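Read off the chains here:
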2 protein chains.
Amino acid sequence: MAVTVDKSWVESANDSATDFPLQNLPFGVFSASELKPRIGVAIGDRVLDIRACAEQGLFRALDPLLQQACTAATLNGLMSHGRRAAATLRARLIEILRIDVAPEIRSKVERNLRSAGETTMHLPTAIGDYTDFYASIYHATNVGRLFRPDNPLLPNYKHVPIGYHGRASSIVVSGTEIKRPCGQTKAADAESPAFGPSRLLDYELEVGFFVAEGNRRGEPVSLSEAESHIFGLCLLNDWSARDIQAWEYQPLGPFLAKSFATSVSPWVVTLDALEPFRTHAFERAPGDPQPLPYLNSESNQKRGGIDLKLEVLLSSRRIREAGQAPARISRGNARDLYWTLAQMLTHHTSNGCNLQPGDLLASGTVSGAAKESVGSLLEMTQRGAEPIPLPSGETRKFLEDGDEVIFRAYCEREGHPRIGFGECRGVIQPAS
Amino acid sequence: MAVTVDKSWVESANDSATDFPLQNLPFGVFSASELKPRIGVAIGDRVLDIRACAEQGLFRALDPLLQQACTAATLNGLMSHGRRAAATLRARLIEILRIDVAPEIRSKVERNLRSAGETTMHLPTAIGDYTDFYASIYHATNVGRLFRPDNPLLPNYKHVPIGYHGRASSIVVSGTEIKRPCGQTKAADAESPAFGPSRLLDYELEVGFFVAEGNRRGEPVSLSEAESHIFGLCLLNDWSARDIQAWEYQPLGPFLAKSFATSVSPWVVTLDALEPFRTHAFERAPGDPQPLPYLNSESNQKRGGIDLKLEVLLSSRRIREAGQAPARISRGNARDLYWTLAQMLTHHTSNGCNLQPGDLLASGTVSGAAKESVGSLLEMTQRGAEPIPLPSGETRKFLEDGDEVIFRAYCEREGHPRIGFGECRGVIQPAS
């Protein structure tokens, strides 16, 4: 679907700094004082009440089942209709929000707009399963180097999109407070472990993506079909307690070091909105193996990547009290992922595993080649050996109580409105 | 609650060989030709329609919300009321099924009994999250020895109940066919991996347990409260593709080697029914560390274990065609688990992770000290080096297409009716 550079009659959507121009239209779930959770779409500094639009017949030309899905309290139903169906809704939304819409439509739609400030955002879907990948080769190498200096990257990495199952119940929406977890940790020089609050609490900058149509158990999704099963993207913070992780992760992988909380940004940016920013997949180094045939196609190679800029900001209590802005401590790009979203999804289903609408997959920590583009404090501070300075005069090895971590993401290029993701935020609360 | 040795007016429940005497009364979800899925309780060779009983007012003395939960299509609602509430229902069921019940009640109840053979069983709950532990020290040692002969058990094992998140969407009920998964595998002498059907397909004999009342995020469940959050137990087969697992599991643990399917037995045997078979926790060897305080209590030590006998049977196509009985290839006991169910649940929530009613936790492969009591072919055949003979004249290193794996479990002791789990079955279908 060609995206036009049209403007909207919602004026704030035409501001060059907005994350949510007419060309974006991300989906989310919001509530307001008198409204229970329902589907909304972000446009400029407003949220369009999709349920109200559906009930008023504004989508009457669309599939009746799709219209019904618009009145639900989560996006699962909408996602289950698949990406093509959602694109018909997106096209209709562009139509009714465009500057040249008929005045009678505009006045109907206008009544369904709310100021974003009046809304409370919720998780976009009821997440059945959550899977976290490990798709940044820079991250895998950085972390591997801390544990195995001579042999940082394991032999399977360039062949297998490594992933693991995460905890779905503790996924929370941006803004939810994150309590510092307790757990077993063992200091290198200690004889035995102790139980207490984690001292090495970290964030992980990730890109999440939601499953549109699912697949049946036993029926893998081919690489050429994979993107039709991806509804859209969000930001994800895979909060990680490094000391708990180091002691527990052998041999079955991370467990309690991660499952206390995972934050996601509330707006799901559709793959359709990201079309203008598609780019080639990661360029493998000479001598690197080609992906096995089930993970390889010319179109994935040519357009499997997304030129999506990512930022990490940190604000301490002292920074906020001084009225300072959060410090931007890192910038990355989803283009740096070794595996594309389509490859991750296809690999996930290659054993017959069934994905369900609304399931969440995530990229794993997105780190780039430069030190300024790593996606965790573990990497940035070399496991605490090189603390980073904050504008408040403080330093950080890992997160302290009161610290707020803020992720932002956006696509931009000459001649196209910026497509933003909004924010994924979380403040660390003391352990109890 | 003291369990009496009373008999039931359902005659088959008094048969000494039944899994489902009056003292058991496991919960499940069944459908029949004219009935959509609903809650049932097994009694002898019958299934009692709990929804019908609730609708007819047979539970009218119970909490109205509990009565309502009895009419649902899954056990989640019933579980959410907690173990104590479920015990009131159990007490009422014993009352109405006991031989001395008033004739007018009996005739009402009788109309709600169906022959088990007419019913189709379903998953007992909508499983939000599934967590698999690794609680058998014998299994961990056996598997560790295959990979690290000199140092089989990792240093964290005796301190941490090791676990990992599993895939919830691909959990299926006993009897569902299991398609051999495809995946990446790499032969030791191969330069690079290949994609194709797994050649080292295995079962894992496990005990599953369902969460009753949940806990809020950030609020751990103490060891003394843990059992009040456990509704009941089932059998679980954690089907495993060993060749896929060996190549993919570093560094984040098992993923596609497991997520193609996990089978569970349909009947949830309540902890209350298992009370007479509670036993001391695993007896640690001299010099073994004591559990950290959050995982240690006298009552857990004294009664945290369950004397639950487990059996694995295997039947090949040839065995079935010859009219032979499945071969019993292993016998274990849940008593051999290093960690108790309560310790697993408490550890799981110790970081603040929230469990939800109907969530499934599992023990990991239950292996005992003897070779005849190991819970996987990997251990039994030493990764295929020592094939086992079948009565048909065949041998097995790993599972072949057409093989059926059957798990059974029961508690028995002098003076108490046998408390059985029924079966967990699955037949291997060829890869597609």
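Keep in mind that what you see is a predicted model, and the values were worked out from it rather than measured.

## With respect to the pattern of salt bridges
Counted according to the given criterion, the structure contains 64 salt bridges over all chains. Here Asp359(B) and Arg167(A) are joined by a salt bridge, their closest N and O atoms 2.7 Å apart. Of the two residues, Asp359(B) sits in the loop between helix H12 (341-349) and strand E22 (360-362) while Arg167(A) sits in the loop between strand E7 (163-166) and strand E8 (171-173), which places them in two different chains. Ionic pairing is found between Lys258(A) and Glu204(A), a salt bridge with its closest N-O pair at 3.0 Å. Of this pair, Lys258(A) sits in the loop between helix H8 (242-248) and strand E16 (262-264) while Glu204(A) is found in the loop between strand E12 (201-202) and strand E13 (205-211), placing the two residues 54 residues apart along the sequence.

## Examining the sheet that holds strand E3 (residues 46-49) of chain B
Paired through their backbone hydrogen bonds, the strands of a sheet run either parallel or antiparallel. All names here are of chain B. Ordered in space as E4-E3-E2-E1-E5, the 5 strands form an open sheet in which the pairing is antiparallel. In the strand order of this sheet, the two ends are held by strand E4 (113-115) and strand E5 (120-122), each with one partner. Averaged over all pairs of adjacent strands, the angle between their axes in this sheet comes to 45°, without regard to strand direction. Two elements, strand E1 (residues 27-32) and E5, share 3 bridges in a ladder whose sense is antiparallel. Considered in E5, the bridge of Phe30 is made with Met121.

## Some thoughts on the interface of chain B and chain A
Taken together, the 59 residues of chain B in the interface contact 59 residues of chain A. Taken together, the two surfaces of chain B and chain A that pack against each other cover about 5,300 Å², and 60% of this comes from carbon and sulfur. At the surface where chain B touches chain A, the tally comes to 30 residue pairs in polar contact (both at pLDDT 80 or more). Of all the elements in the fold, those that place two or more residues in the side of chain B that touches chain A are strand E6 (130-133), strand E7 (163-166), strand E10 (182-185), strand E11 (194-197), helix H8 (242-248) and H12 of chain B. Tallying contributions element by element places E7(B) first for the side of chain B that touches chain A, with 4 residues. When its residues are assigned to classes, the side of chain B that touches chain A shows 29 nonpolar, 23 polar and 7 charged.

## A closer look at the packing of aromatic side chains
All chains considered together, the criterion is met by 20 aromatic pairs over all chains. Here the aromatic rings of Tyr338(A) and Trp339(A) are separated by 5.3 Å at their centres, their planes lie at 80°, and the arrangement is edge-to-face. Here Tyr338(A) falls in the buried class, since its relative accessible area comes to 1%. For Trp339(A), a relative accessible area of 1% translates into the label buried. Through successive ring pairs, a cluster of aromatic residues spans Tyr134(A), Tyr138(A), Tyr157(A), Phe282(A), Tyr338(A) and Trp339(A). Directly above the ring of Tyr410(A) sits Arg418(A), whose terminal nitrogen or CZ lies 4.2 Å from the centroid. Directly above the aromatic system of Trp339(B) lies the positively charged group of Arg284(B), at a separation of 4.8 Å from the ring centroid.

## Concerning the domain arrangement of chain A
Residue and element names in this part refer to chain A. In terms of domains, chain A is made up of domain 1 (11-122) and domain 2 (130-305 + 331-374). Placing the centre of domain 1 and that of domain 2 at their C-alpha centroids yields a distance of 30 Å. Taken together, the contacts link 22 residues of domain 1 with 20 residues of domain 2. With both chains or domains summed, domain 1 and domain 2 bury close to 1,800 Å², and 67% of this area falls on carbon and sulfur atoms. When the area that domain 1 buries against domain 2 is broken down by residue, the three leading residues are Met79, Arg83 and Met121, summing to 43%. Across the contact surface, domain 1 and domain 2 share 1 salt bridge. The residue Arg83 makes a salt bridge to Asp272 at a minimum N-O spacing of 2.7 Å. One can count 5 residue pairs in polar contact (both at pLDDT 80 or more) joining domain 1 with domain 2.

## Focus on the confidence of the model for chain A
Residues and elements named next belong to chain A. The predicted model of chain A averages 96 in pLDDT, with 99% of residues at 70 or higher. At the low end of the mean pLDDT range in chain A sits helix H6 (residues 137-147), at 93; at the high end sits E16, at 99. Here the prediction assigns the complex a pTM of 0.97, and the interface score ipTM is 0.97.

## Re the UniProt feature "active site" (unreviewed entry) in chain A
Residue and element names in this part refer to chain A. Within the UniProt annotation, "active site" (unreviewed entry) is assigned to His139. According to the relative accessible area criterion, His139 is buried, its value standing at 4%. Dropping the residues within four chain positions of it, His139 is found in contact with Tyr134, Glu204, Thr365, Ser367, Ser376 and Glu379.

## Considerations on the nonpolar core
In this structure, Tyr203(A), Leu233(A), Leu308(A) and Tyr203(B) are the most contacted members of the largest nonpolar core, which totals 158 residues. Here Leu308(A) is in contact with Val207(A), Leu233(A), Gly332(A), Asn333(A), Ala334(A), Ala409(A), Tyr410(A), Cys411(A) and Phe421(A), once residues within four sequence places are set aside. Counting residues in each nonpolar core, the second largest holds 46 residues, with Leu22(A), Phe59(A), Ala86(A) and Leu93(A) among its members.

## Some words on the relation of the copies chain B and chain A
Under the fitted operation, chain B is carried onto chain A by 0.0 Å of movement along the axis and a turn of 180°, and the coordinates agree to an RMSD of 0.0 Å. Taken together, these values place the two copies in the relation of a two-fold axis. By C-alpha distance to the rotation axis, the residue of chain B lying nearest is Gly253(B), at 2.2 Å. Residue by residue, 100% of the interface of chain B is reproduced at the interface of chain A, so both copies engage with the same surface.

## Topic: H6(A)
Residues and elements named next belong to chain A. Most of H6 is tucked away: 8 of the 11 residues are buried. By the burial criterion, the buried members of H6 are Ile137, His139, Ala140, Thr141, Asn142, Val143, Gly144 and Leu146. Contact partners of the buried residues in H6: helix H13 (377-380).

## Comments concerning the sheet that holds strand E9 (residues 178-179) of chain B
All names here are of chain B. The sheet built from 5 strands is open, its strands ordered E9-E26-E25-E20-E21 with mixed pairing. Edge positions in the sheet fall to E9 and strand E21 (327-333), since each of these pairs with one other strand and no more. Relative to strand E26 (residues 416-429), strand E25 (residues 404-413) is paired through 8 bridges, and the arrangement is antiparallel. The residue bridging Val405 from the neighbouring strand is Gly426, located in E26.

Rules behind the numbers
- Residues numbered from 1 in each chain as written.
- Chains lettered and ligands numbered in written order.
- Predicted model: local features only at pLDDT ≥ 70, side-chain atom pairs only at ≥ 80, totals over all residues.
- Heavy atoms only, no water.
- Salt bridge = Lys/Arg side-chain N within 4 Å of Asp/Glu carboxyl O.
- Helix = DSSP H or I, 4+ residues; strand = E, 2+ residues; numbered from the N terminus.
- Pairing = 2+ DSSP bridges.
- Axes fitted to C-alpha atoms, helices over the stretch in contact; angles between N-to-C directions.
- Contact = heavy atoms within 4.5 Å.
- Buried area = accessible area lost by both parts, 1.4 Å probe.
- Polar contact = N/O pair within 3.5 Å; in protein donor to acceptor, adjacent residues only side chain to side chain.
- Nonpolar A, V, L, I, M, F, W, Y, C, P; charged D, E, K, R; others polar.
- Phe/Tyr/Trp six-rings, centres within 6.5 Å; stacked < 30°, edge-to-face > 60°.
- Buried < 20%, exposed > 50% of the residue type's maximum accessible area, 1.4 Å probe, protein only.
- Lys NZ or Arg CZ within 6 Å of the ring centre and 35° of its normal.
- Domains from an automatic or database assignment.
- pLDDT = per-residue confidence, 0-100.
- UniProt positions renumbered as here; feature names shortened; annotations may be inferred.
- Core = buried A, V, L, I, M, F, W, Y, C linked by side-chain atoms within 4.5 Å.
- Least-squares fit on C-alpha atoms with pLDDT ≥ 70 in both.

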